[in-house]
Amino acid sequence: MLKRFAAILLLLIALGALYDNINWFMRYLYPLKYESSIVTYSNEYNVDPYLVSAVIKVESGFLPDVISNKGAVGLMQIMPDTAKWAAEKMDIPNFTTESLMNPDLNIRIGIWYLSDLLKEFDGDTTLALAAYNGGRGNVRQWIKNGQFKGSIEENIPFPETRDFVIKVKKAHKWYRKLYKL
(Lines give C-alpha, C1' and ligand atoms only; values in the text may rest on other atoms or scores of the structure.)
Protein backbone atom coordinates (compact mmCIF):
# COMPACT_ATOMS: atom_id res chain seq x y z
CA MET A 1 0.00 0.00 0.00
CA LEU A 2 2.86 2.40 0.84
CA LYS A 3 4.62 1.60 -2.45
CA ARG A 4 1.42 2.33 -4.37
CA PHE A 5 0.98 5.65 -2.56
CA ALA A 6 4.60 6.60 -3.31
CA ALA A 7 4.17 5.70 -6.98
CA ILE A 8 1.01 7.82 -7.24
CA LEU A 9 2.73 10.69 -5.45
CA LEU A 10 5.69 10.53 -7.84
CA LEU A 11 3.33 10.44 -10.81
CA LEU A 12 1.51 13.52 -9.54
CA ILE A 13 4.80 15.37 -9.01
CA ALA A 14 5.93 14.43 -12.53
CA LEU A 15 2.62 15.61 -14.01
CA GLY A 16 2.91 18.88 -12.07
CA ALA A 17 6.42 19.45 -13.40
CA LEU A 18 5.25 18.67 -16.92
CA TYR A 19 2.33 21.10 -16.50
CA ASP A 20 4.73 23.85 -15.38
CA ASN A 21 6.97 23.16 -18.38
CA ILE A 22 4.00 23.28 -20.74
CA ASN A 23 2.96 26.65 -19.29
CA TRP A 24 6.52 27.91 -19.65
CA PHE A 25 6.64 26.73 -23.25
CA MET A 26 3.23 28.24 -24.05
CA ARG A 27 4.28 31.55 -22.46
CA TYR A 28 7.28 31.44 -24.79
CA LEU A 29 4.92 30.98 -27.76
CA TYR A 30 2.46 33.58 -26.41
CA PRO A 31 4.60 36.27 -24.77
CA LEU A 32 3.14 39.25 -22.98
CA LYS A 33 4.95 42.57 -23.25
CA TYR A 34 3.71 46.12 -22.65
CA GLU A 35 1.31 44.77 -20.01
CA SER A 36 0.92 48.13 -18.27
CA SER A 37 -0.17 49.93 -21.45
CA ILE A 38 -2.44 47.06 -22.47
CA VAL A 39 -4.20 46.96 -19.10
CA THR A 40 -4.42 50.75 -18.72
CA TYR A 41 -5.98 51.41 -22.13
CA SER A 42 -8.09 48.25 -22.10
CA ASN A 43 -9.68 49.49 -18.89
CA GLU A 44 -10.04 53.03 -20.26
CA TYR A 45 -11.74 51.91 -23.48
CA ASN A 46 -13.53 48.84 -22.07
CA VAL A 47 -11.79 46.20 -24.20
CA ASP A 48 -10.71 42.74 -23.05
CA PRO A 49 -6.93 42.98 -22.40
CA TYR A 50 -6.52 39.33 -23.43
CA LEU A 51 -8.07 40.15 -26.80
CA VAL A 52 -5.70 43.11 -27.19
CA SER A 53 -2.73 40.89 -26.32
CA ALA A 54 -3.89 38.38 -28.93
CA VAL A 55 -4.24 41.09 -31.59
CA ILE A 56 -0.71 42.34 -30.87
CA LYS A 57 0.69 38.80 -30.94
CA VAL A 58 -0.90 38.05 -34.30
CA GLU A 59 -0.29 41.47 -35.86
CA SER A 60 3.32 42.13 -34.86
CA GLY A 61 4.60 39.41 -32.54
CA PHE A 62 5.14 42.22 -30.00
CA LEU A 63 7.74 43.92 -32.22
CA PRO A 64 7.09 47.69 -31.97
CA ASP A 65 8.81 48.84 -35.16
CA VAL A 66 7.19 46.50 -37.67
CA ILE A 67 5.77 47.96 -40.87
CA SER A 68 3.70 45.64 -43.05
CA ASN A 69 4.02 45.47 -46.82
CA LYS A 70 0.65 47.31 -46.94
CA GLY A 71 1.95 50.10 -44.69
CA ALA A 72 0.42 49.15 -41.33
CA VAL A 73 2.64 50.38 -38.49
CA GLY A 74 3.73 49.19 -35.06
CA LEU A 75 2.54 46.72 -32.47
CA MET A 76 -1.12 46.79 -33.44
CA GLN A 77 -0.39 47.28 -37.16
CA ILE A 78 -2.47 50.41 -37.62
CA MET A 79 -2.81 51.97 -41.06
CA PRO A 80 -1.55 55.58 -41.03
CA ASP A 81 -4.85 57.05 -42.30
CA THR A 82 -6.80 55.15 -39.65
CA ALA A 83 -4.35 56.28 -36.97
CA LYS A 84 -4.59 59.91 -38.09
CA TRP A 85 -8.40 59.76 -38.00
CA ALA A 86 -8.34 58.08 -34.57
CA ALA A 87 -5.81 60.57 -33.20
CA GLU A 88 -8.09 63.43 -34.25
CA LYS A 89 -11.09 61.78 -32.59
CA MET A 90 -9.01 61.15 -29.45
CA ASP A 91 -7.64 64.73 -29.37
CA ILE A 92 -4.03 63.57 -29.58
CA PRO A 93 -1.93 66.65 -30.46
CA ASN A 94 1.02 66.63 -32.88
CA PHE A 95 0.30 63.15 -34.20
CA THR A 96 2.62 61.82 -36.91
CA THR A 97 2.85 58.42 -38.56
CA GLU A 98 6.31 58.03 -37.00
CA SER A 99 4.76 58.35 -33.55
CA LEU A 100 3.04 54.99 -34.18
CA MET A 101 6.44 53.42 -33.45
CA ASN A 102 5.93 54.48 -29.83
CA PRO A 103 4.51 51.31 -28.19
CA ASP A 104 2.33 53.16 -25.67
CA LEU A 105 0.74 55.44 -28.27
CA ASN A 106 0.30 52.59 -30.75
CA ILE A 107 -1.46 50.47 -28.13
CA ARG A 108 -3.62 53.40 -27.03
CA ILE A 109 -4.79 54.17 -30.57
CA GLY A 110 -5.19 50.50 -31.46
CA ILE A 111 -7.34 49.78 -28.41
CA TRP A 112 -9.45 52.89 -28.99
CA TYR A 113 -10.01 51.77 -32.58
CA LEU A 114 -10.86 48.20 -31.54
CA SER A 115 -13.29 49.64 -28.97
CA ASP A 116 -14.91 51.75 -31.67
CA LEU A 117 -15.35 48.65 -33.86
CA LEU A 118 -16.78 46.62 -30.99
CA LYS A 119 -19.35 49.38 -30.39
CA GLU A 120 -20.24 49.56 -34.07
CA PHE A 121 -20.73 45.80 -34.29
CA ASP A 122 -22.64 45.48 -30.99
CA GLY A 123 -19.81 43.76 -29.13
CA ASP A 124 -19.45 40.99 -31.73
CA THR A 125 -15.78 40.07 -31.50
CA THR A 126 -15.71 38.23 -34.83
CA LEU A 127 -17.15 41.19 -36.75
CA ALA A 128 -14.93 43.70 -34.92
CA LEU A 129 -11.79 41.66 -35.61
CA ALA A 130 -12.79 41.18 -39.25
CA ALA A 131 -13.26 44.96 -39.52
CA TYR A 132 -9.94 45.61 -37.76
CA ASN A 133 -8.15 43.54 -40.38
CA GLY A 134 -10.31 43.78 -43.48
CA GLY A 135 -11.91 47.19 -43.05
CA ARG A 136 -15.20 48.21 -41.46
CA GLY A 137 -16.65 49.16 -44.85
CA ASN A 138 -15.97 45.68 -46.19
CA VAL A 139 -17.62 44.04 -43.17
CA ARG A 140 -20.69 46.27 -43.52
CA GLN A 141 -20.88 45.33 -47.21
CA TRP A 142 -20.53 41.59 -46.46
CA ILE A 143 -23.38 41.80 -43.98
CA LYS A 144 -25.53 43.87 -46.36
CA ASN A 145 -24.91 41.46 -49.27
CA GLY A 146 -25.53 38.39 -47.13
CA GLN A 147 -21.96 37.16 -47.70
CA PHE A 148 -21.29 37.04 -43.99
CA LYS A 149 -23.94 35.38 -41.90
CA GLY A 150 -23.68 35.04 -38.15
CA SER A 151 -20.45 35.42 -36.25
CA ILE A 152 -18.70 32.40 -37.67
CA GLU A 153 -15.21 33.22 -38.87
CA GLU A 154 -15.38 30.57 -41.62
CA ASN A 155 -17.97 32.82 -43.35
CA ILE A 156 -15.51 35.70 -43.79
CA PRO A 157 -15.02 36.23 -47.55
CA PHE A 158 -11.39 37.46 -47.44
CA PRO A 159 -9.00 34.52 -46.72
CA GLU A 160 -6.41 36.79 -45.05
CA THR A 161 -9.04 38.31 -42.76
CA ARG A 162 -10.54 34.89 -42.00
CA ASP A 163 -7.08 33.57 -41.01
CA PHE A 164 -6.44 36.67 -38.90
CA VAL A 165 -9.69 36.25 -36.93
CA ILE A 166 -9.07 32.52 -36.38
CA LYS A 167 -5.49 33.17 -35.17
CA VAL A 168 -6.56 35.99 -32.84
CA LYS A 169 -9.32 33.87 -31.32
CA LYS A 170 -6.88 31.00 -30.73
CA ALA A 171 -4.32 33.35 -29.17
CA HIS A 172 -7.08 34.95 -27.07
CA LYS A 173 -7.85 31.57 -25.48
CA TRP A 174 -4.17 31.02 -24.66
CA TYR A 175 -3.69 34.49 -23.17
CA ARG A 176 -6.70 33.88 -20.91
CA LYS A 177 -5.18 30.56 -19.75
CA LEU A 178 -1.63 31.78 -19.28
CA TYR A 179 -1.90 35.24 -17.72
CA LYS A 180 -3.82 37.18 -15.09
CA LEU A 181 -4.50 40.70 -16.36
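Residues numbered from 1 in each chain as written. Predicted model: local features only at pLDDT ≥ 70, side-chain atom pairs only at ≥ 80, totals over all residues. Heavy atoms only, no water.

Quick look at the overall build of the protein chain
- Looking only at helices and strands, one finds eight helices and zero strands in the protein chain.
- Ordering the α and β elements of the protein chain from the N terminus gives α-α-α-α-α-α-α-α.
- Looking at the protein chain as a whole, 40% of its 181 residues are labelled buried.
- Carbon and sulfur atoms make up 56% of the accessible area of the protein chain, which totals about 10600 Å². (Helix = DSSP H or I, 4+ residues; strand = E, 2+ residues; numbered from the N terminus. Buried < 20%, exposed > 50% of the residue type's maximum accessible area, 1.4 Å probe, protein only. Areas by Shrake-Rupley, 256 points an atom, 1.4 Å probe, with all protein chains shown as cover.)

Looking at helix α6 (residues 125-134)
- Of all 10 residues in α6, eight are buried, a share of seventy percent or more.
- All of the buried residues along α6 are Thr 126, Leu 127, Ala 128, Leu 129, Ala 130, Ala 131, Tyr 132 and Gly 134.
- Its buried side turned inward, α6 meets α3 (49-60), α5 (103-120), α7 (136-145) and α8 (159-178).
- You can read the cap of α6 off the contacts: a side-chain oxygen lies 3.0 Å from the backbone nitrogen of Thr 126, and it is on Asp 124.
- Trailing α6 by a residue or two, Gly 135 shows a phi angle of about 100°, which is positive. (Contact = heavy atoms within 4.5 Å. Polar contact = N/O pair within 3.5 Å; in protein donor to acceptor, adjacent residues only side chain to side chain.)

Structural notes on the packing of helix α4 (residues 80-89) against α5
- At their nearest, the axes of α4 and α5 sit 10 Å apart, and the two run at 85° to each other. Judged by the inter-axis angle, α4 sits roughly perpendicular to α5. Together, Thr 82, Ala 83, Trp 85, Ala 86 and Lys 89 of α4 and Ile 109, Trp 112, Tyr 113 and Asp 116 of α5 make up the contact between the two elements.
- Looking at side-chain class alone, the contact of α4 with α5 contains six nonpolar, one polar and two charged residues. (Axes fitted to C-alpha atoms, helices over the stretch in contact; angles between N-to-C directions. Parallel < 35°, antiparallel > 145°, perpendicular 65-115°, else oblique. Nonpolar A, V, L, I, M, F, W, Y, C, P; charged D, E, K, R; others polar.)

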